[in-house]
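# Summary of the model geometry
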Amino acid sequence: MKKTGNTYCFQDPPRVLSYASVVGKKEGEGPLSRDFDYISDDNTFGEQTWEKAESRMMSMALERALSKAHLPLSQLGCILGGDLLNQCIGTTFALRPTNVPFLGLYGACSTMAEGLLVASCLVESGFEQTACAITSSHFCSAERQYRYPLEYGGQRPQTAQWTATASGAVVLQKGGMGVRITHATPGRIADPGVTSQANMGAAMALSAYETIRRFFQDTHTGPSHYDLIVTGDLGKVGHQIVIDLFQRDGIDMRPTYDDCGLLLYDGSQDVHAGGSGCGCSAAVLCSYILKAMEQGIFRKVLFCGTGALLSPTSCNQGQSIPGICHLVCLEADEKWNM
Amino acid sequence: MEYVRAFLTAGVICAISQVLIDRTKLTPGRILVTFVVLGVILTGIGLYEPVVKFGGAGATVPLLGFGYTMAEGVKEAIAQRGFLGAFTGGLTATAGGIAAAVVFSLIGALIFKSRDRS
Amino acid sequence: MDITNQEYKKLYQKASPPSPLLKDASLAFVTGGTICTLAQAIRNFLLSQGLDEKTAGASLSIILVFLGVLLTDLAIYPKIAKFAGAGTIVPITGFANSIAAPALEYKTEGLVLGTCVKMFTIAGPVLACGLTASVIYGLLYYIFA
């Protein structure tokens, strides 16, 4: 491996062995419904509490990813994961029965990208033959964590995003076939002073711009070198800001740039500015994006996970919302284009 | 006519609150606090009594009316019990609503279960 | 190109759609008005049953609180509130909703530490500030009147 500027270049790129996504009802009614591995009609996933429901959803994603790879749990080298709940209990309780080495991550909605970045380093270095990046979010558990109880009669402003009930898991392996992870750029915390909890897209867009810009500089590339550049999850507002920020530099992002928060739902689903939550970008990656790469529709994709690193405490204490964006460059082999 | 006045009074109060929620940093929680305190103050300086006379339930049912009821209760309690009334009046006058909210909510929590809203 | 926080603020304010003020305020007007007109009808009914002004007022509060809690527990209140905004927050039914919602939601953390502790997370400040205001008013009234 090699480092250029801020970017890690993997010389023996880890490959995506398998992936799986499990989502809730509303997500299953969205435009990507055909691409998910499992859609639950019941957002309780048969559990008594929303927290348990989230854990159940995540363990389902892990099980499905492993079974698609025909990989027994005992042969999985390491799991990297996290979620939005306090002390990441969603992930801990999902993985409690696995007995697999576990590294907990907190990157808010950027967790999938962060997990892929760290997992890639572990696999390429040879410490692990396989590693899994996993994350989840659940509308009902996140809502009370960050905002109001579910039955409280509040109104969501137009800039607010909808926390996705979704989980995604990616298993990486050394060698073999599959989509490669060729580069990764860890993000830096960027805080442009946005204080509104109802406008996370604005809080995170600057970090997305800065990480993507650094990656372009490090690799001497631009948006036209990629079939898809996708942030997750800036929503309508943040998506527009990233376009505007690059416009100032004379770079037109529009032809290839999209956002997971805009891909997961369609306009009629009443999600205001779009989706959010760790599970949003994870589920979009583990369904639409990786499928399209396997089918040769996309060959080079920049997956840029964006997280708002706030807590209700920091917000109550008047702190602005820091954002972060981790970037992972995915490439499919040429021959798949045939 | 009484109903029209109630409708208009409550409508105006709610529309003003909505504008405050949409256009200022006041969250619903802060709006509620502001309105109750404002209700006490407006009643204290004699401005809310005419609104109640005009709007009836349209003025007493919104949270401004909660403040109004507290302030009226304080006045009455002081008239009856003197100094102590300053402390007992507010809670006594609103005790019904508060106790009802607590007790019904507790019973409701025992019977019902939180549901998915998505 | 680097960007200052001020420039960034301009950029994101341009990208952020405002809440539809006229629509929101109209819906709040109509729902708030309707709830209170209904309240007026209940009050008139109570008065016609021979209750005095004060008893009717207190009974009305209890009835409205009951309705607010019931609609919350049946998950109907938040559905109306999504459109009504302040129209369902400001009447006393909204106060009931703000207590019933956390009481129900935090049931999973136990009846005492969940429901009973958390039921005041939203309404607590209303009671604390309202009571304080009423006591201050009472003291001033006692001294000057």
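Report on the accompanying structure. Nothing here was measured: the structure is a model prediction, and the numbers come from that model.

## Section: the interface of chain C and chain B
Taken together, the contact between chain C and chain B spans 65 residues of the former and 62 residues of the latter. For chain C, the biggest contributors to the area lost against chain B are Phe29, Val90 and Tyr137 of chain C; these three give 12% of the whole. Across the pair Glu76 of chain B and Lys54 of chain C runs a salt bridge whose closest N-O atoms are separated by 2.8 Å. Elements that contribute at least two residues to the side of chain C that touches chain B include exactly helix H2 (21–48), helix H3 (53–73), helix H4 (77–84), helix H5 (86–89), helix H6 (92–105), helix H7 (111–118) and helix H8 (124–144) of chain C. Residue composition of the side of chain C that touches chain B, by class: 46 nonpolar, 14 polar and 5 charged.

## Topic: the layout of surface pockets
If you roll a probe as big as a water molecule over the atoms, it shows you where there is empty space left. When its volume is computed, the second largest pocket comes out at roughly 940 Å³. What lines the second largest pocket is a set of 37 residues, among which Tyr68 and Thr69 of chain B together with Glu53, Lys54 and Gly57 of chain C lie closest to the centre. Elements supplying a minimum of two residues to the lining of the second largest pocket: helix H1 (2–23), helix H3 (48–55), helix H5 (63–81) and helix H6 (85–111) of chain B together with H2 and H3 of chain C. Ranked by the residues each element gives to the lining of the second largest pocket, the list is headed by H5 of chain B, at 11 residues. Per-class residue counts for the lining of the second largest pocket are 13 nonpolar, 15 polar and 9 charged.

## Side note on the interface of chain C and chain A
Quoted interface sizes are often the accessible area lost when the parts come together. The interface of chain C with chain A comprises 34 residues on the first partner and 34 residues on the second. Both faces combined, the contact of chain C with chain A buries some 2900 Å², and carbon together with sulfur accounts for 55% of it. When the buried area of chain C at its contact with chain A is split by residue, Met1, Tyr8 and Glu105 of chain C rank highest and sum to 25% of it. Inspection of the chain C/chain A interface yields 4 salt bridges. For Asp2 of chain C, the salt bridge is made with Arg213 of chain A, and the minimal N-O distance between the two is 3.4 Å. Between the two partners, chain C and chain A, sit 14 residue pairs in polar contact (both at pLDDT 80 or more). At the level of secondary structure, the elements contributing two or more residues to the side of chain C that touches chain A comprise helix H1 (5–15), H4 and H6 of chain C.

## Side note on H5 of chain B
The α-helix advances 3.6 residues per turn, and as a result positions three or four apart in sequence lie on the same side. All names here are of chain B. The end-to-end C-alpha separation of H5 is 27 Å, in line with the 27 Å expected for 19 residues at 1.5 Å each. For H5, the full list of buried residues reads Leu63, Leu64, Gly65, Phe66, Gly67, Tyr68, Met70, Ala71, Gly73, Val74, Ala77 and Ile78. In the stretch just after H5, Gly82 is the one whose phi turns positive, near 75°.

## As for the side chain of Gln145 of chain A
Relative to the elements of secondary structure, Gln145 of chain A occurs in helix H5 (residues 139–146). Those residues in contact with Gln145 of chain A that lie beyond four places of it in its chain are Leu84, Leu85, Asn86 and Pro312 of chain A.

## Quick notes on the pattern of salt bridges
Tallied over the full model, the rule gives 20 salt bridges over all chains. Taking the shortest distance from any N to any O, the salt bridge between Arg144 of chain A and Glu109 of chain C comes out at 2.8 Å. Taken together, the residues Arg144 of chain A in helix H5 and Glu109 of chain C in the loop between H6 and H7 connect one chain to another. Relative accessible area serves as the criterion here: at 10%, Arg144 of chain A is assigned to the buried category. Note that Glu109 of chain C and Lys118 of chain C form a salt bridge whose closest N and O atoms lie 3.6 Å from each other. By relative accessible area, which is 23% here, Lys118 of chain C ends up partly exposed.

## Details of the pairing of strand S3 (residues 15–23) of chain A
Residue and element names in this part refer to chain A. Of all 9 residues in S3, 8 are buried, a share of seventy percent or more. Direction of pairing for S3 relative to strand S9 (residues 166–173): antiparallel, over a ladder of 8 bridges. Each residue of the ladder has a partner; that of Ser21, found in S9, is Gly168. Summarising the sheet, S3 and strand S4 (residues 38–39) pair through 2 bridges and their orientation is parallel. From the neighbouring strand, Val22 faces S4, where its bridge partner is Tyr38.

## Here's the deal with unusual backbone geometry
Residues and elements named next belong to chain A. Put simply, Gly232 and Asp233 share a cis peptide bond, and its omega is 5°. Along the polypeptide, Asp233 turns up in the loop between strand S11 (228–232) and helix H7 (235–248). Here the phi dihedral of Phe45 falls at roughly 50°; this positive angle occurs in a residue that is not glycine. Here Phe45 lies in the loop between S4 and helix H2 (50–69). One non-glycine residue with positive phi stands out, namely His220, at about 50°. Structurally, His220 is set in the loop between helix H6 (200–219) and S11. You can call His220 exposed: its relative accessible area is 70%.

## Description of a nonpolar patch on the surface
Residues Val103, Ile107, Leu110 and Ile111 of chain B together with Leu111, Val112, Leu113 and Val117 of chain C make up a contiguous nonpolar surface patch of roughly 760 Å² in combined accessible area. Within the residue set of the nonpolar patch, elements represented by two or more residues are H6 of chain B together with H7 of chain C.

## A short note on the packing of H6 of chain B against H8 of chain C
Where H6 of chain B meets H8 of chain C, the closest approach of the two axes is 7 Å, and the angle between their N-to-C directions is 140°. In terms of orientation, H6 of chain B lies oblique with respect to H8 of chain C. The two elements H6 of chain B and H8 of chain C meet at a crossing, and its hand is right-handed. Of the residues in H8 of chain C, those in contact with Ala86, Phe87, Gly90, Leu91 and Ile98 of chain B of H6 of chain B are Leu127, Leu131, Ser134, Val135, Gly138 and Leu139 of chain C.

Reading guide: rules and limits
- Residues numbered from 1 in each chain as written.
- Chains lettered and ligands numbered in written order.
- Predicted model: local features only at pLDDT ≥ 70, side-chain atom pairs only at ≥ 80, totals over all residues.
- Heavy atoms only, no water.
- Contact = heavy atoms within 4.5 Å.
- Buried area = accessible area lost by both parts, 1.4 Å probe.
- Salt bridge = Lys/Arg side-chain N within 4 Å of Asp/Glu carboxyl O.
- Helix = DSSP H or I, 4+ residues; strand = E, 2+ residues; numbered from the N terminus.
- Nonpolar A, V, L, I, M, F, W, Y, C, P; charged D, E, K, R; others polar.
- 1 Å grid on protein atoms, 1.4 Å probe; cavity = no way out; pocket = protein on both sides within 12 Å on 5 of 7 lines; lining within 4 Å.
- Points joined across faces, edges and corners; volume = space filled by probe spheres on them.
- Polar contact = N/O pair within 3.5 Å; in protein donor to acceptor, adjacent residues only side chain to side chain.
- Expected span 1.5 Å × (residues − 1).
- Buried < 20%, exposed > 50% of the residue type's maximum accessible area, 1.4 Å probe, protein only.
- Pairing = 2+ DSSP bridges.
- Patch = residues over 30% accessible without salt bridge, like charges linked within 9 Å, V, L, I, M, F, W, Y side chains within 5 Å.
- Areas by Shrake-Rupley, 256 points an atom, 1.4 Å probe, with all protein chains shown as cover.
- Axes fitted to C-alpha atoms, helices over the stretch in contact; angles between N-to-C directions.
- Parallel < 35°, antiparallel > 145°, perpendicular 65-115°, else oblique.
- Left-handed = near helix turned anticlockwise from the far one by under 90°.

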